[in-house]
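Secondary and tertiary structure notes
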Amino acid sequence: MKPFKDLERAIDEITEIATGFGLDFYPMRYEICPADIIYTFGAYGMPTRFTHWSFGKQFHKMKLQYDLGLSQIYELVINSNPCYAFLLNTNSLIQNKLIVAHVLAHCDFFKNNVHFSNTRRDMVESMTATAERIAQYEMVHGKEEVERFLDAVLAIQEHIDPSLMKNIDLLDEEEEENEVKVITPYDDLWALDRRTIQPRTKSPKRKRIPPAPEKDLLLFILQYSDELEEWQRDILTMLREEMLYFWPQLSTKIMNEGWATFWHQRIMRELDLDSDETIEFATLNANVIQPSKTSINPYHLGLKIFEDIEKRFDHPTEEMKELGIQPNSGREKIFQVREMDSDISFIRNFLTKDLMKQEDLYIFQKSGNEYKITDKQYEAVRDQIVANRVNGGFPYIVVQDGDYVRNGELYLVHRYEGLELDFQYLENVLPYIHQLWGRIVHLETYVDDKQLVFSYDGKKIHRRYA
Amino acid sequence: MDENQKSYVVSQENWTLHRKGHTDQQRHLDKVKEAIRNNLPDLISEESIILSDGRKTVKIPIRSLDEYKIRYNHEKGKHVGQGDGESKVGDVVAKDGKKGGAGTGKQAGDQPGTDYYEAEISVAELEEALFSELELPAMEPKEQADVTVDTIVFNDIRKKGLIGNIDKKRTLLTAIKRNAMKGSAAIAPIHQDDLRFKTWNEIQKPHSKAVVLMMMDTSASMGKFEKYVARSFFFWMTRFLRTKYEQVELEFIAHHTEAKVVTEEEFFTKGEGGGTICSTAYAKALQLIRAKYPPARYNIYPFHFSDGENMSSDNTKCVQLVDELMAVSNLFGYGEINTHSRYSTLMNSYEKINNPKFQHYVVKEQADVYFALKRFFKKREEGSE
């Protein structure tokens, strides 16, 4: 007996169409769940994630909106192999068709986009293990204690270094220069001799920690903090791992949603829908791509850019032809883009002036009690979208010195690029970093283009203009 | 891939035991409750509660439950939005909604701005947190005549009873236990002896009455702040007493150089000029008690709020009348709203009163209302009755 006969028939058809279009995805697991489960997954980001009150808060908020009919999660898909997709048990068949088409494209993106190439495809299992270990620590060290630690780590969880290729460590080279090669136990005597001839003028160079500014705050604390116990290091490692897994999703939001929307539209067009179904689909689709006056709807913008790329490369201008672009190469081009780009390069390279005009994008800013449009220039708007997407939309913080004033104090620098920090929030985060580091924590940033250093010594926040 | 083998699986699991979201939500709610307890002094003097009809829920920003991150200042930043094709520089795309706030409810999309966490608290929840810290002072037993009420409570289990009241669960448990002792833990057979019945008891609750005599100085020196403090205090005290007594009556006595009984509205809104003679209020209170509230039947709570600037010649008389009032009441409370850090002359005289029924507190700021309540209704070691 087949309980989901209609659904399975639809999935068969959609999978076939998607494969025909060239989408390349992992084997799929479709799970049908009740609303509170879908919203649990939505809030936690993963069904098997560890427990924390902040997820509960998020879950409650999402569930409330659903209960009030204000929002609905249409799709929930997990980057894993096999790929899990969750369907709400109250979905109509047409809703499920749209979601299946949508998640197949997401899965294609996870599998083929280069930014996802380092993500663990067994994260579902890995997070289960993490959750179990954290639960174990709760038993040993007490719920309160573990929660206090999780609160601190979650406050800075985004400050990792997700780059695909690591910088070569400068530390080793530097050390070698000053090193005297020891071959026999008496060789250092020669060095004494040399010292009389060439007395050192400079005091021995202080070993810098870190040798170069370190973006990965979590990793730095993990390696150098004296404060942490073994179980805390373990949790820190696991949470960093989770953020590394989530990071590509943060940095390809517009592309990923655009890609999925682009393909669910194409696939749905191929299906044989009757008029009621067509109207239901059109309504759903319109809801998804509804643009917003006060934010970027990634479904909408991503979709429009992919459609625009396809159109432009199908019908290249003379100029483009001179660059060797063949007519009707649109399909090939968008597959190439989905493989190589992330949101930043996607916007910078493919949001054209014409498209921006058509989409009526603008910059707005707060003045007084109102938010007003301040700029509609092409370059300005494009660069603003890019700026807002840099580092996943989080401020870029680096560790400048882990032994500040030779007192083991932590000196962080905000790489200021015109956007100021929320100081009230910052003053609440510094105590968390202090909790993890165990000594005074400083953070250097700018306000009104003046340098400002925040410090927290375990009791009070100090602000000091440089 | 094998043509005959499907590349996907559809499944529907039983998720009923997956309660993670709910348990973490509960943990969050516990934290909210904890935050409420920690912020009680501020919360209970919150204007929106005191001035509401007392039934609504109120929204209160709870900072300690934000998930703090290093983030950009939204107010100063630039954002990108999308128009309908005709947007111009200078168009207003959104307004800062102080009211209608960026709390729960609306979608995040149409409300740029800070999203601090607003907890919705019902007055009942606040009461629960607050009243758990308060207790009534020793009550004296009042006249028995009309102070009993019979209530029936099903709270007993017996072996004999009406068959309609049979307690199935306990009957089965007894049968299983007895059978287990004989070797096999089975339900059958059930013996006559195993039957258990729910039975009721009649309980007698004292039908208690209380009256609160609220006295307030309405002389020129009592400003808006002073009145608000008195009002918040009376608001919570009345609610607290209502949880303890079947019936709580209120009397309002306003005084300056003379005292009169007024309505609640007049009491809190009308200000009158002139000097202050507190003893007039006490005399009025005694007069009311004699006329309407015999101490044999009522628990009497006279409370007096003043800024303490009494005519000094009147102070001795005040002490004397307070003594008389204490003889007939459960508790006499004197709250002085005094933002200076010195005692008033009236307070100096009251300092000498040494009677556990006399409680006083100096309110310096709004949040002190909470501490005044705690002083007047502090938990005692002996217990309340």
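Residues numbered from 1 in each chain as written. Chains lettered and ligands numbered in written order. Predicted model: local features only at pLDDT ≥ 70, side-chain atom pairs only at ≥ 80, totals over all residues. Heavy atoms only, no water.

**Section: the overall build of chain B**
- The helix and strand tally for chain B stands at eleven helices and 13 strands.
- Relative to its full complement of 385 residues, chain B shows a buried share of 44%.
- For chain B, the proportion of contacts with a sequence separation of at least 24, taken over those separated by at least 6, is 79%.
- When the accessible surface of chain B is split by element, carbon and sulfur atoms take 49% of a total near 20,900 Å². (Helix = DSSP H or I, 4+ residues; strand = E, 2+ residues; numbered from the N terminus. Buried < 20%, exposed > 50% of the residue type's maximum accessible area, 1.4 Å probe, protein only. Contact = heavy atoms within 4.5 Å. Areas by Shrake-Rupley, 256 points an atom, 1.4 Å probe, with all protein chains shown as cover.)

**Some points on the overall build of chain A**
- Across its full length, chain A holds 19 helices and ten strands.
- Of all 466 residues assigned to chain A, the portion counted as buried reaches 53%.
- For chain A, long-range pairs separated by at least 24 residues make up 71% of all intrachain contacts whose partners lie at least 6 apart in sequence.
- Working note: accessible area of chain A is about 22,800 Å², and carbon and sulfur atoms make up 49% of it.

**Looking at the side chain of B:Lys357**
- Topologically, B:Lys357 is positioned in the loop between helix 10 (345-351) and strand 13 (358-363).
- Within the structure, the side chain of B:Lys357 is placed 3.0 Å from the backbone oxygen of B:Met326, a separation counted as a polar contact. (Polar contact = N/O pair within 3.5 Å; in protein donor to acceptor, adjacent residues only side chain to side chain.)

**Focus on the sheet that holds strand 8 (residues 209-217) of chain B**
Residue and element names in this part refer to chain B.
- Overall, mixed pairing links the six strands, which are arranged 10-9-8-11-12-13 in an open sheet. For this open sheet the edge positions go to strand 10 (259-262) and strand 13, each flanked by a neighbour on one side alone. For this sheet the average axis-to-axis angle between neighbouring strands, irrespective of direction, equals 20°. (Pairing = 2+ DSSP bridges. Axes fitted to C-alpha atoms, helices over the stretch in contact; angles between N-to-C directions.)

**Quick look at the confidence of the model for chain B**
Residue and element names in this part refer to chain B.
- Chain-level statistics for chain B give a pLDDT mean of 77 and a share of 80% at 70 or above.
- Looking over chain B, one finds the lowest element-wise mean pLDDT in strand 2 (residues 57-61), namely 64, and the highest in helix 5 (residues 168-181), namely 91.
- When the criterion is pLDDT under 50, residues 98-116 qualifies, and its contacts beyond four places in sequence or with other chains add up to 29 contacts.
- Reported for the predicted complex are a pTM of 0.72 and an ipTM of 0.82. (pLDDT = per-residue confidence, 0-100.)

**Remarks on a nonpolar patch on the surface**
- On the surface, B:Ile152, B:Phe154, B:Leu162 and B:Trp200 cluster together into a nonpolar patch covering about 440 Å² of accessible area.
- Position of B:Ile152 relative to the elements: it lies in strand 6 (residues 148-158). (Patch = residues over 30% accessible without salt bridge, like charges linked within 9 Å, V, L, I, M, F, W, Y side chains within 5 Å. Salt bridge = Lys/Arg side-chain N within 4 Å of Asp/Glu carboxyl O.)

**Quick notes on unusual backbone geometry**
- Between A:Ile209 and A:Pro210 the backbone carries a cis peptide bond, its omega angle lying at -10°.
- Topologically, A:Pro210 is positioned in the loop between helix 8 (188-197) and helix 9 (217-224).
- Following B:Ala188, the chain continues to B:Pro189 via a peptide bond in cis, the omega torsion being -5°.
- Its identity is not glycine, yet A:Asp360 carries a phi of approximately 55°, on the positive side.
- Assignment of secondary structure puts A:Asp360 in the loop between helix 17 (353-359) and strand 4 (361-367).
- Not every positive phi belongs to a glycine, and A:Asp448 is a case in point at roughly 45°.
- Looking at the element boundaries, A:Asp448 is found in the loop between strand 8 (441-447) and strand 9 (450-456).

**Digging into the packing of aromatic side chains**
- The tally for this structure, following the rule as stated, stands at 48 aromatic pairs over all chains.
- On the basis of an interplanar angle of 75° and a centroid distance of 5.7 Å, the ring pair of A:Trp259 and A:Trp263 is categorised as edge-to-face. Residue A:Trp259 and its partner A:Trp263 are both found in helix 11 (residues 253-270); the two are separated by four residues, about one turn of the helix. For the pair shown, A:Trp259 and A:Trp263 are each scored as buried.
- Their ring planes at 75° and their centres at 5.5 Å tell us that B:Phe234 and B:Phe305 sit as a pair that is edge-to-face. Here B:Phe305 lies in strand 11 (residues 299-306) and B:Phe234 lies in helix 6 (residues 224-244), a separation of 71 residues in the sequence. There is no split in this pair, since B:Phe234 and B:Phe305 are both buried.
- Joined through ring pairs, the aromatic side chains of B:Phe131, B:Phe233, B:Phe234, B:Phe235, B:Trp236, B:Phe240, B:Phe303, B:Phe305, B:Phe376 and B:Phe377 make up one cluster.
- Between the NZ or CZ atom of B:Arg71 and the centre of the ring of A:Tyr425, over which it lies, the distance is 3.5 Å. (Phe/Tyr/Trp six-rings, centres within 6.5 Å; stacked < 30°, edge-to-face > 60°. Lys NZ or Arg CZ within 6 Å of the ring centre and 35° of its normal.)

**A word on the interface of chain A and chain B**
- Opposite the 88 residues of chain A that make contact, chain B presents 60 residues.
- Summing the contributions of chain A and of chain B, the shared interface buries around 7,200 Å²; its carbon and sulfur component is 54%.
- Three residues stand out in chain A for area buried against chain B, namely A:Trp53, A:Tyr371 and A:Tyr425, and they jointly supply 12% of the buried area on that side.
- There are nine salt bridges connecting chain A and chain B.
- In terms of residues, the side of chain A that touches chain B owes the most to one element, helix 3 (residues 53-67) of chain A, which gives seven residues.
- Considered class by class, the residues forming the side of chain A that touches chain B number 40 nonpolar, 25 polar and 23 charged.
- As defined by bridge partners, strand 5 (residues 370-375) of chain A adjoins strand 4 (residues 92-95) of chain B across three bridges and the pair is classed as antiparallel. Opposite A:Glu370, over in strand 4 of chain B, you have B:Lys95 as the bridge partner. (Buried area = accessible area lost by both parts, 1.4 Å probe. Nonpolar A, V, L, I, M, F, W, Y, C, P; charged D, E, K, R; others polar.)

**Notes on the sheet that holds strand 2 (residues 77-78) of chain A**
- Taken in spatial order, the four strands of this open sheet run 2(A)-3(A)-1(A)-1(B), and their pairing is mixed. Two strands in the sheet have a free side with no partner beyond their single neighbour: strand 2 of chain A together with strand 1 (8-11) of chain B.
- Relative to strand 3 (residues 83-88) of chain A, strand 2 of chain A runs antiparallel, the two being bridged by two bridges. Bridge pairing links A:Val77 to A:Ala85 in strand 3 of chain A.
- Taken strand by strand, helix 1 (residues 5-21) of chain A contacts strand 1 (28-33) and strand 3 of chain A together with strand 1 of chain B, and its axis lies near 155° from that of strand 1 of chain B.
- Running at roughly 140° to strand 1 of chain A, helix 4 (residues 93-112) of chain A makes contact with strand 1, strand 2 and strand 3 of chain A of the sheet.

**What about the pairing of strand 11 of chain B?**
All names here are of chain B.
- Within strand 11, eight of the eight residues are buried, which leaves it mostly tucked inside the rest of the structure.
- With burial as the criterion, each face of strand 11 is covered, one bearing Asn 299, Tyr 301, Phe 303 and Phe 305 and the other bearing Ile 300, Pro 302, His 304 and Ser 306.
- Bridge count between strand 8 and strand 11: seven bridges; the pairing is parallel. Following the sheet pairing, Val 212 is matched in strand 11 by Tyr 301.
- In this sheet, strand 12 (residues 332-337) lies alongside strand 11 in parallel orientation, the contact comprising four bridges. Following the sheet pairing, Phe 303 is matched in strand 12 by Gly 333.
- Note on the crossover from strand 11 through helix 9 (residues 315-328) to strand 12: the handedness is right-handed. (Right-handed = clockwise from strand over helix to strand, strands pointing away.)

**Concerning the pairing of strand 3 (residues 78-82) of chain B**
- Counting buried positions along strand 3 of chain B gives four out of five residues, so the element sits mostly inside the fold.
- Here strand 4 of chain A runs beside strand 3 of chain B; their pairing, made up of five bridges, is antiparallel. What sits directly across from A:Ile363, in strand 3 of chain B, is B:Val80.

**Focus: the nonpolar core**
- Residues A:Ile221, A:Ile235, A:Leu410, A:Leu412 and A:Ile433 are the most contacted members of the largest nonpolar core, which totals 71 residues.
- For this core, the leading source of residues is helix 10 (residues 230-251) of chain A, giving nine residues.
- Not counting residues within four places of it along the chain, the set of residues in contact with A:Leu410 comprises A:Leu217, A:Phe220, A:Val399, A:Asp401, A:Gly402, A:Ile433, A:Trp437, A:Ile440, A:Val441 and A:His442.
- In terms of nonpolar packing, the next biggest core, distinct from the first, is built from 69 residues, A:Phe21, A:Val103, A:Leu284 and B:Tyr8 among them. (Core = buried A, V, L, I, M, F, W, Y, C linked by side-chain atoms within 4.5 Å.)

**Topic: the environment of A:Ile235**
All names here are of chain A.
- Mapped onto the secondary structure, Ile 235 falls in helix 10.
- Linking Ile 235 and Tyr 404, residues 169 residues apart in sequence, is a C-alpha distance of 26 Å.
- Contact partners of Ile 235, with chain neighbours within four places excluded, come to Ile 134, Tyr 137, Val 146, Phe 149 and Leu 150.

**A short note on helix 9 of chain B**
Residues and elements named next belong to chain B.
- With 14 residues, helix 9 ought to run about 20 Å at 1.5 Å a step, and its terminal C-alpha atoms sit 21 Å apart, in line with that.
- Three or more residues of helix 9 are buried, namely Asn 315, Cys 318, Leu 321, Val 322, Leu 325 and Met 326. All buried residues of helix 9 lie within an arc of 145° about the axis, which places them on one face of the element. Seen from the open side of helix 9, the exposed residues pointing more than 90 degrees away from its buried face are Thr 316 and Ala 327.
- Residues of helix 9 that are buried sit in contact with helix 8 (279-292), strand 11, strand 12, helix 10 and strand 13. (Expected span 1.5 Å × (residues − 1). Arc of directions from axis to C-beta.)

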